[in-house]
Amino acid sequence: MRSTIVVGAGIWGSSLALRLAETGWRVTLIEQYAPGHVRQASGGETRLLRCSHGADDWYARLAWQARDGWRRLGERVGEDLFLETGILWFAGTDHAWETASAQVLKNLDIPFELLEPSDAGRFFPDFRPDGLAFVLREPHAGVLRARRATQVTARLAQDAGVTLIRAEAIPHPEGGVVADGELLRADRVVWACGAWLPGMFDLPVTVTRQDTLHFDVPRAWASAPAFCEYGSSVYGHGDLDGMGLKATSDVEGDPYDPRTGSRQVLPGSESASRDYLARRFPSLAAAPVLFSQVCQYGVTPDAEWIIAEVRDGEWVIGGDSGHGFKHGPALAAYLADVLDGSVEPEPRFGLGERHPARGLRTSGLSGLAGSG
Ligand SMILES: Cc1cc2nc3c(=O)[nH]c(=O)nc-3n(C[C@H](O)[C@H](O)[C@H](O)COP(=O)(O)OP(=O)(O)OC[C@H]3O[C@@H](n4cnc5c(N)ncnc54)[C@H](O)[C@@H]3O)c2cc1C
């Protein structure tokens, strides 16, 4: 039986462990805390599932496949891990990103519609369309209960035979993994360590601090869809599960250390969200903050992920650049094919030269060339 050690039980490591165990691999999953812990990127309460990725069709297709994966996973455990709320993209006057996204969705037969800005008002209790050229709606996009989905995925992996070890793993200089002072070896080792990866390997990844805010809003906002304004770098969703309405800036924050960084949101993050609410959903401008969380992105120069063999039989998967949760189940299937050698990873995921670009993220405000 082929064997794999996966280090990191975020959604990437847990989904991969589950997939490998269900396709005949013996799998050991090593996690320093617990699946779904609050420091990991996958431990956020919610993550959006959208197919729009500007002009790129690889991630759009994978997101669409992943949506099926999430639905199947939810059916298996009898829980709605994915909520099909739809997403509305508020396209400003420089709408190149949304126009390109719509073209890709059309090419891939992924349902969408284009709305007049004023027409988007029917989806929200209160909405101001100022400065918008149109609204792109993906009716089958939505919101993932991320933390819960990560815990469920890791539990299913254990049910499928994966051994979960709680330890901090260290790469051994001659290959393999040191955990709790013991050297472990396997046919494949996969380091799925999120924002901790740059401290372990030499990778083109910058870790940034990201504050998220949820606001206490009237009950009518419970059924509001997800929304995103690429040009303003703000995204959010309705008041799901009584967690409040999420409205958060997607601009990359300051460099951050996931081990030691403060988990208290900054006052400037609250005012940025509030300014946006005042502009787009004015009745919420003074809504109290109900819940907040500090998390981190591991950002590559071009926002493309890293899937690279760094030593013989040892792979690094990371550099998710703040847009990798939704793809979990479909990415795991792709990675399993890469690990068994039946698929060559796309060159875009390698460690070669990368040119600054941000079009894969939901943030058109990064100021880097290629945005939009
Ligand atoms: C604020 C925010 C909003 C986001 N919004 C979205 C969104 O709307 N849609 C979307 O698709 N994506 C979104 N993302 C991105 C998404 O959350 C990440 O792409 C995804 O969670 C990455 O998962 P991961 O498993 O690679 O990393 P993580 O979830 O960080 O997991 C890595 C794990 O590795 C463990 N680990 C590290 N080093 C070691 C070690 N030496 N030994 C043992 N264990 C170790 C860590 O403890 C951690 O549990 C967002 C991210 C953030 C921060």
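It should be emphasised that the depicted structure is a prediction, and the values quoted were computed from it without experimental measurement.

Engineer: How should the overall build of the protein be read in this particular structure?
Structural biologist: The helix and strand inventory of the protein stands at 6 helices and 20 strands. If you line up the protein on its principal axes, its C-alpha atoms span 60 × 40 × 40 Å. Here the protein holds 372 residues, and 56% of them are scored as buried. In the protein, the share of contacts with a sequence separation of at least 24, taken over all contacts with a separation of at least 6, comes to 74%.

Engineer: So what exactly am I meant to see when it comes to the environment of A154 here?
Structural biologist: Here A154 lies in helix 4 (residues 146-159). Take A154: its relative accessible area is 2%, and that puts it in the buried class. It is 12 Å that separates the C-alpha atoms of A154 and G43, two residues lying 111 residues apart in sequence. Filtering out sequence-adjacent residues up to four positions away, A154 remains in contact with S14 and P35.

Engineer: Please clarify how the site of the ligand should be interpreted in this entry.
Structural biologist: In the region of the ligand, 35 residues are neighbours, and E31, Q40, S42, L48 and D320 sit closest. Between the ligand and Q32, the relevant distance is 2.9 Å, taken from an oxygen atom to a side-chain nitrogen or oxygen of the residue. A41 has a polar backbone atom sitting 3.0 Å from an oxygen atom of the ligand. Surface burial for the ligand is 98%, taken as the share of its 1000 Å² of free accessible area covered by protein chains. With respect to the pocket detection grid, the ligand is positioned in the largest pocket. Elements that contribute at least two residues to the shell around the ligand include exactly helix 1 (11-22), strand 2 (26-31), strand 3 (46-49), strand 14 (206-215) and strand 18 (289-299). In terms of residue count, strand 18 provides more of the shell around the ligand than any other element does, 3 residues in total. Counted by class, the shell around the ligand contains 17 nonpolar, 13 polar and 5 charged residues.

Engineer: So what exactly am I meant to see when it comes to helix 3 (residues 96-107) here?
Structural biologist: In an α-helix, one turn spans 3.6 residues, which is why side chains three or four residues apart end up on the same side. Spanning 12 residues, helix 3 covers 17 Å between terminal C-alpha atoms, matching the ideal 16 Å at 1.5 Å per step. Looking at helix 3, one finds that the buried residues are W97, E98, S101, A102, V104 and L105. For helix 3, the buried positions fall inside an angular range of 165° around the axis, keeping them on one side. Summarising the geometry of helix 3, the exposed residues directed more than 90 degrees from the buried face are K106 and N107.

Engineer: I'm lost on the sheet that holds strand 18 in this one. Help?
Structural biologist: Pairing between the strands of a sheet comes from backbone hydrogen bonds, and it takes one of two forms, parallel or antiparallel. As summarised here, the arrangement of the 8 strands in space is 6-7-5-15-16-17-14-18, forming an open sheet in which the pairing is mixed. One side of each edge strand has no neighbouring strand; the edge strands of this open sheet are strand 6 (113-115) and strand 18. Taken pair by pair, the neighbouring strands of this sheet meet at an average axis angle of 20°, ignoring direction. Here 3 bridges tie strand 15 (residues 226-229) to strand 16 (residues 234-237), and the two strands are oriented antiparallel to one another. Its bridge partner lying in strand 16, C228 is registered against Y235. This element, helix 5 (residues 267-280), spans strand 5 (87-92), strand 7 (132-138), strand 14, strand 15, strand 16, strand 17 (245-249) and strand 18 of the sheet and lies at about 55° to strand 14.

Engineer: How do you make sense of the nonpolar core when you look at a structure like this?
Structural biologist: If you look at soluble globular proteins, the nonpolar side chains tend to sit buried side by side. Core analysis: the largest hydrophobic core is formed by 46 residues, its most contacted members being L16, V27, W70, W305, I307, I317 and L331. The set of elements that each furnish at least two residues to this core consists of helix 1, strand 2, helix 2 (58-77), helix 4, strand 20 (314-318) and helix 6 (328-339). Each residue touching I317, except ones within four places of it in the same chain, is listed here: W12, L16, V190, W191, A192, C193, L197, I306, I307 and L335.

Engineer: For this particular structure, what's the right way to read the side chain of D239?
Structural biologist: Summarising the element assignment, D239 is placed in the loop between strand 16 and strand 17. The side chain of D239 is buried and forms no salt bridge, while R219, the nearest opposite charge, is found at 8.0 Å. Engagement of the side chain of D239 in a polar contact is seen with the backbone nitrogen of M243, the distance being 3.3 Å. A polar contact is formed between the side chain of D239 and the backbone nitrogen of G244, at a distance of 2.6 Å.

Engineer: Is there a simple way to think about the packing of aromatic side chains in this case?
Structural biologist: Given two aromatic rings, their pairing is described by the distance between the two centres and the angle made by the two planes. A complete count under the given rule lists 26 aromatic pairs for this structure. With a centroid separation of 5.1 Å and 70° between ring planes, the pair formed by W12 and W305 is classed as edge-to-face. Of this pair, W12 sits in helix 1 while W305 sits in the loop between strand 18 and strand 19 (306-311), and the two are 293 residues apart along the sequence. Overall, the relative accessible area of 10% leaves W12 in the buried class. An aromatic cluster of three or more residues is present, and its members are F90, F124, F127, W221, F227, Y276 and F281. Sitting over the face of the ring of Y33, R39 holds its NZ or CZ atom 4.1 Å from the ring centroid.

Engineer: Would you mind going over the sheet that holds strand 12 (residues 182-184) with me for this structure?
Structural biologist: If you trace the 3 strands from one edge of the open sheet to the other, you get 10-11-12, paired in antiparallel fashion. Taken across any chain shown, the strands that pair with only one partner, and hence form the sheet edges, are strand 10 (169-171) and strand 12. Going across the sheet, the axis of each strand differs from the next one's by a mean of 35°, ignoring polarity. In this structure, strand 11 (residues 177-179) lies alongside strand 12, joined through 3 bridges in antiparallel fashion. Looking at strand 12, one finds that A179 is bridged to E182.

Engineer: Sorry if this is basic, but what is going on with the pattern of salt bridges here?
Structural biologist: A side chain with one charge may pair with a side chain of the opposite charge, provided their charged atoms come close. Tallied over the entire structure, the rule returns 23 salt bridges. R122 serves as the salt-bridge partner of D119, at 2.9 Å between the closest nitrogen and oxygen. By relative accessible area, R122 is classed as exposed at 54%. Across the pair E229 and R279 runs a salt bridge whose closest N-O atoms are separated by 3.9 Å. Taken as a pair, E229 in strand 15 and R279 in helix 5 lie far apart in primary sequence, 50 residues in all. Residue E229 is classed as buried on the basis of its relative accessible area of 4%. Connected via shared salt-bridge partners are D56, E304, E346 and R348.

About the cut-offs
Residues numbered from 1 in each chain as written. Predicted model: local features only at pLDDT ≥ 70, side-chain atom pairs only at ≥ 80, totals over all residues. Heavy atoms only, no water. Helix = DSSP H or I, 4+ residues; strand = E, 2+ residues; numbered from the N terminus. Buried < 20%, exposed > 50% of the residue type's maximum accessible area, 1.4 Å probe, protein only. Contact = heavy atoms within 4.5 Å. Near = heavy atom within 4 Å. Polar contact = N/O pair within 3.5 Å; in protein donor to acceptor, adjacent residues only side chain to side chain. Areas by Shrake-Rupley, 256 points an atom, 1.4 Å probe, with all protein chains shown as cover. 1 Å grid on protein atoms, 1.4 Å probe; cavity = no way out; pocket = protein on both sides within 12 Å on 5 of 7 lines; lining within 4 Å. Sits in = over half its atoms within 2 Å of the grid points. Nonpolar A, V, L, I, M, F, W, Y, C, P; charged D, E, K, R; others polar. Expected span 1.5 Å × (residues − 1). Arc of directions from axis to C-beta. Pairing = 2+ DSSP bridges. Axes fitted to C-alpha atoms, helices over the stretch in contact; angles between N-to-C directions. Core = buried A, V, L, I, M, F, W, Y, C linked by side-chain atoms within 4.5 Å. Lys, Arg positive; Asp, Glu negative; His and termini not counted. Salt bridge = Lys/Arg side-chain N within 4 Å of Asp/Glu carboxyl O. Phe/Tyr/Trp six-rings, centres within 6.5 Å; stacked < 30°, edge-to-face > 60°. Lys NZ or Arg CZ within 6 Å of the ring centre and 35° of its normal.

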